[in-house]
Amino acid sequence: MLRFFLFINKQGQTRFSRYYNVQLQPEERVLMEADISRKCLKRGDSQCSIFEFREYKLAFRRYASLFFVIGFDEEENHLAILELVHAYVEILNAYFDNVCELDIMFNIEKVHVILEEMVLNGRIVETNKNNVLAPVLEMDKTSK
């Protein structure tokens, strides 16, 4: 089961966070995100992008200036989690036409909707680009 999804920039600032069934106070979340960002920023290109952190496994991928980090339980397939990150970034790229940090910051609600189409209560439910983008594009049509 997925526990959280984070976007962290190179300066260690969290740009996006979504938690699933994690009972943490806001102060604890901030501290945990700071620890995670330090660990991800410290890791070299030759090091594995999957590692243990507290009671979670973490998988991260770096795309341009952002680290996409997923915290998950031991029961999840590690490579499937990395594939989820890649699929999510591809979908964001398709929607925003080459996504960047500013797209995420100024369209945070769309980023949440796209993730909610892919992950429900910490479980991966959809990874097909067309199926994920269809409701978001429909929302765009109705808002115009």
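All figures in this text were calculated on a predicted structure; none of them were measured in a lab.

> So what's going on with the packing of helix α4 (residues 108-118) against helix α5 (residues 129-143)? Which residues, and what values?
Axes are the key here: two packed helices are described by the angle between their axes and the distance separating the axes. Closest axis-to-axis distance for the α4/α5 pair is 8 Å, and the angle between their directions is 145 degrees. In this structure, α4 crosses over α5, and the sense of that crossing is right-handed. Counted together, K110, V113, I114, E117 and M118 of α4 and V132, L133, P135, V136, M139 and D140 of α5 form the full contact between these two elements. The residue inventory of the contact of α4 with α5, partitioned by class, reads 8 nonpolar, no polar and 3 charged.

> An account of the side chain of D140 is requested, with residue identities and associated values reported.
Structurally, D140 is set in helix α5. Residue classification places D140 among the buried residues on the basis of a relative accessible area of 16%. Side chain to side chain, D140 and K110 meet in a polar contact 2.6 Å long. Apart from residues lying up to four places away in sequence, D140 is in contact with Y95 and K110.

> Describe α4, and please don't skip the residues or the numbers.
Within the span of α4, buried status applies to K110, V111, I114, L115 and M118. Looking straight down α4, one finds its buried side chains confined to an arc of 135 degrees; they lie on one side.

> Break down the pattern of salt bridges for me, citing the residues and quoting the values.
One pass over the structure, following the stated rule, counts 11 salt bridges. A salt bridge links K110 to D140, with the shortest nitrogen-to-oxygen separation between them at 2.6 Å. Residue K110 is located in helix α4, and its partner D140 is located in helix α5; the two are separated by 30 residues in the primary sequence. Neither K110 nor D140 differs from the other in exposure class; each is buried. Overlapping salt bridges, with partners in common, bring together D35, R38 and R54 in one network.

> Talk me through the state of the cysteines; I want residue IDs and the actual numbers.
Note on terminology: disulfide describes a covalent bond linking the sulfur atoms of two cysteines. In the structure shown here, the tally under the stated rule is 0 disulfides. Here C40 stays free of any disulfide, with the sulfur of C48 as its closest cysteine sulfur at 12 Å. Relative accessible area serves as the criterion here: at 2%, C40 is assigned to the buried category.

> An account of the side chain of E101 is needed here, citing residue identities and associated values.
Tracing the backbone through its elements, the reader meets E101 in helix α3 (residues 101-106). When its relative accessible area of 16% is taken as the criterion, E101 is described as buried. Leave out the neighbours within four places in its chain, and E101 touches N9, R15, S65 and L66.

> Which residues make up the nonpolar core, and what values do they have?
If you look at the biggest cluster of nonpolar residues, it comprises 33 residues, and the most contacted ones within it are F5, F7, F68, Y88, L92 and I114. Going through the elements one at a time, β1 (2-9), β4 (56-63), β5 (66-72), α2 (78-96), α4 and α5 are the ones with two or more residues in this core. Residues contacting Y88, with those up to four places away along its chain left out, are F5, F7, F16, F68, V111, I114, L115 and M118. Ranked by size, the runner-up nonpolar core spans 15 residues in total, among them F4, F53, F67 and V69.

Each value, and the rule that gives it
Residues numbered from 1 in each chain as written. Predicted model: local features only at pLDDT ≥ 70, side-chain atom pairs only at ≥ 80, totals over all residues. Heavy atoms only, no water. Axes fitted to C-alpha atoms, helices over the stretch in contact; angles between N-to-C directions. Helix = DSSP H or I, 4+ residues; strand = E, 2+ residues; numbered from the N terminus. Left-handed = near helix turned anticlockwise from the far one by under 90°. Contact = heavy atoms within 4.5 Å. Nonpolar A, V, L, I, M, F, W, Y, C, P; charged D, E, K, R; others polar. Buried < 20%, exposed > 50% of the residue type's maximum accessible area, 1.4 Å probe, protein only. Polar contact = N/O pair within 3.5 Å; in protein donor to acceptor, adjacent residues only side chain to side chain. Arc of directions from axis to C-beta. Salt bridge = Lys/Arg side-chain N within 4 Å of Asp/Glu carboxyl O. Disulfide = S-S within 2.5 Å. Core = buried A, V, L, I, M, F, W, Y, C linked by side-chain atoms within 4.5 Å.

Distances and angles like these do not, on their own, reveal function.
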